[in-house]
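Coordinates in review
The chain contents come next:
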Amino acid sequence: MEVKKLRLNNFRNFSEYEIKPGEGVNVIYGDNARGKTNIIEAIWLFTGAKSFRTNKDSELIKNGESYARTELEYNLKGRINKSSIIFGEKKSVEINGVKSVGGGDLVGRFTCAVFTPMHMDIVKGCPGDRRRFLDTSICQINSGYLKILKEYMRVLAQRNALLKDIQYESALLEQLDVWDMRLCDYATKIREERQKYIDKISKESEKIYEGISGGREKLEIIYRPGLDFSEDAETQIAKARANDIKYGTTTVGPHRDDIEINLKGISARSYGSQGQQRSCALSLKLAESAMLKEETGSSPVILLDDVMSELDRGRREYILKRLGENQVFVTCCDRPEDYADISERAELKSFYLGEK
Ligand SMILES: Nc1ncnc2c1ncn2[C@@H]1O[C@H](COP(=O)(O)OP(=O)(O)OP(=O)(O)O)[C@@H](O)[C@H]1O
Ligand SMILES: [Mg+2]
């Protein structure tokens, strides 16, 4: 899958902007605050009209203007598709001439993997950041997963409310069995899906990390479920009940899941260098894109914002080679010539964002 044309009107700092990228590596370069990340964000929006930077669509509209319009032409399996998104009082999209309200219709058509400094949270952040990464990735390839996840969160909230009430009204205790059963049901499904996904992504990312580090370091991704596999889920929930009532909250379950990311057997979060942590997060992101390809049958577009700056030449070289089949967008402040000799790809195109 390749972006053929991107057009922006009143989007962020751009009044009018258009690029026609090449099929290989596209380097977007220029000084700070020129709009490089804004372009990456604009492309990403076509995966579902939700920004990775903000929940407020109004921020996407150029200051002083009443709407923003983005338009994308991309090639999918030999056919040109054309989508546009209008951000105004409401959000609307047009896909190959068919209009609809909201961004939902975009999901699952144009696929992308994005990596920005924000995504370092996967390694450096809290368990919740890693669960978010996991859930977003699984949702892209498993349409039923989001529903299970939402149901689980609903049941969890109800159970937690009941646990708090039980502290004051012990007669409510008999209602807990029903909620335990539901919780257990969804928890088991989530654990199963996450386990399946981690099994695959760990193998893939460990292989990628080996390549990035030139075989010098070994990455290890381990699932640490909030309900472990040593006993069945019912037993663990039953065992935790006394504690749950005491604390007024559910103390075991997938909302306590984590992923351990180790390098040479020790935590990358606590001991990794900047470059190592970045390589770990990048390996997971690249593994995610490989799985996206496996599921959809076409190579997703790769967006790498500010990623290369902290990586040494060997690591950069490996990444660009590895992405040989994908259309790639990289942003940097450096000169694009620096990428020409390491990418070895004939189809390197660069776009300079200069003084306005
Ligand atoms: N809604 C908006 N209206 C006008 N300008 C905006 C809007 N949103 C963001 N900007 C401007 O866009 C610029 C930032 O763009 P962006 O983050 O893409 O820069 P960048 O080129 O990636 O910079 P860096 O190299 O620092 O990462 C800022 O100057 C910011 O003020
Ligand atoms: Mg930026």
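Residues numbered from 1 in each chain as written. Chains lettered and ligands numbered in written order. Predicted model: local features only at pLDDT ≥ 70, side-chain atom pairs only at ≥ 80, totals over all residues. Heavy atoms only, no water.

Time to look at the site of ligand 1. Not every one of the 16 residues close to ligand 1 is listed here, only the nearest: A33, K36, T37, N38 and R53. One of the backbone nitrogen or oxygen atoms of A33 is found 2.7 Å away from an oxygen atom of ligand 1. In this structure, a nitrogen atom belonging to ligand 1 sits 2.9 Å away from a main-chain N or O atom of I61. Within the complex, 71% of the 650 Å² of free accessible area of ligand 1 lies under protein. (Near = heavy atom within 4 Å. Polar contact = N/O pair within 3.5 Å; in protein donor to acceptor, adjacent residues only side chain to side chain. Areas by Shrake-Rupley, 256 points an atom, 1.4 Å probe, with all protein chains shown as cover.)

Here we take up the sheet that holds strand β9 (residues 219-224). Strand order in the open sheet made by the 3 strands is β9-β10-β11, with antiparallel pairing throughout. The open sheet has two edge strands with one neighbour each: β9 and β11 (266-267). Taken together, the 2 bridges between strand β10 (residues 258-263) and β11 define a ladder with antiparallel strand orientation. Among the inter-strand pairings, L263 is bridged to a residue of β11, identified as I266. Here helix α8 (residues 274-296) sits on the sheet in contact with β9 and β10, set at roughly 125 degrees to β10. (Pairing = 2+ DSSP bridges. Helix = DSSP H or I, 4+ residues; strand = E, 2+ residues; numbered from the N terminus. Contact = heavy atoms within 4.5 Å. Axes fitted to C-alpha atoms, helices over the stretch in contact; angles between N-to-C directions.)

Each α-helix winds once per 3.6 residues, and so residues spaced three or four apart point in a common direction. In this model, α8 (23 residues) spans 33 Å end to end at C-alpha, consistent with the 33 Å of a helix rising 1.5 Å per residue. Burial of α8 is extensive: 17 of the 23 residues sit out of reach of the surface. Looking at the residues trailing α8, positive phi occurs at G297, about 80 degrees. (Expected span 1.5 Å × (residues − 1). Buried < 20%, exposed > 50% of the residue type's maximum accessible area, 1.4 Å probe, protein only.)

A few words now on the environment of L106. Note that L106 resides in the loop between β7 (98-101) and β8 (112-115). Classification of L106 by relative accessible area gives buried; the value is 2%. Note: C-alpha distance between L106 and T47 (59 residues apart in sequence) is 6.0 Å. If sequence neighbours within four positions are ignored, L106 has contacts with L45, F46, T47, G48, A49, S83, I85, V93 and I95.

To continue, consider the sheet that holds strand β3 (residues 25-29). Here 5 strands make up an open sheet; going across it, the order is β8-β12-β13-β3-β14 and the pairing parallel. The open sheet has two free edges, formed respectively by β8 and β14 (349-352), since each of these has just one partner strand. Sheet twist, expressed as the average angle between the axes of neighbouring strands with direction ignored, equals 15 degrees. Sheet topology note: the β3/β14 ladder contains 4 bridges and is parallel. Opposite V27, over in β14, you have S350 as the bridge partner. Those strands touched by α8 are β8 and β12 (301-305), and its axis lies near 175 degrees from that of β8.

Here we take up the pairing of strand β4 (residues 68-76). Within β4, 7 of the 9 residues are buried, leaving the element largely enclosed by the surrounding structure. Of the strand pairs in this sheet, strand β1 (residues 2-11) and β4 are connected by 7 bridges, and their pairing is antiparallel. Paired with V3 across the two strands is Y74, which belongs to β4. Taken together, β4 and the strand that follows it, strand β5 (residues 79-87), pair antiparallel across an intervening segment of 2 residues, in which K77 is found at a positive phi of about 50 degrees.

Moving on, we get to the domain arrangement of the protein. Here the domain parsing of the protein yields domain 1 (2-111 + 301-352) and domain 2 (123-268). Using C-alpha coordinates to define each centre, domain 1 is positioned 33 Å away from domain 2. The interface of domain 1 with domain 2 comprises 4 residues on the first partner and 8 residues on the second. Where domain 1 abuts domain 2, roughly 580 Å² becomes buried across the two surfaces, and 54% of that area is made up of carbon and sulfur atoms. When residues of domain 1 are sorted by the area they lose upon contact with domain 2, R315, Y318 and R322 head the list and together hold 80% of the total. Taken together, the links from domain 1 to domain 2 amount to 2 salt bridges. Between E217 and R315 there is a salt bridge, with its nearest N and O atoms 3.7 Å apart. Counting every contact that joins domain 1 to domain 2 gives 1 residue pair in polar contact (both at pLDDT 80 or more). Per-class residue counts for the side of domain 1 that touches domain 2 are 2 nonpolar, no polar and 2 charged. (Domains from an automatic or database assignment. Buried area = accessible area lost by both parts, 1.4 Å probe. Salt bridge = Lys/Arg side-chain N within 4 Å of Asp/Glu carboxyl O. Nonpolar A, V, L, I, M, F, W, Y, C, P; charged D, E, K, R; others polar.)

Further remarks concern helix α1 (residues 36-44). Taken across its 9 residues, α1 has 9 buried, putting it largely inside the fold. By the burial criterion, the buried members of α1 are K36, T37, N38, I39, I40, E41, A42, I43 and W44.

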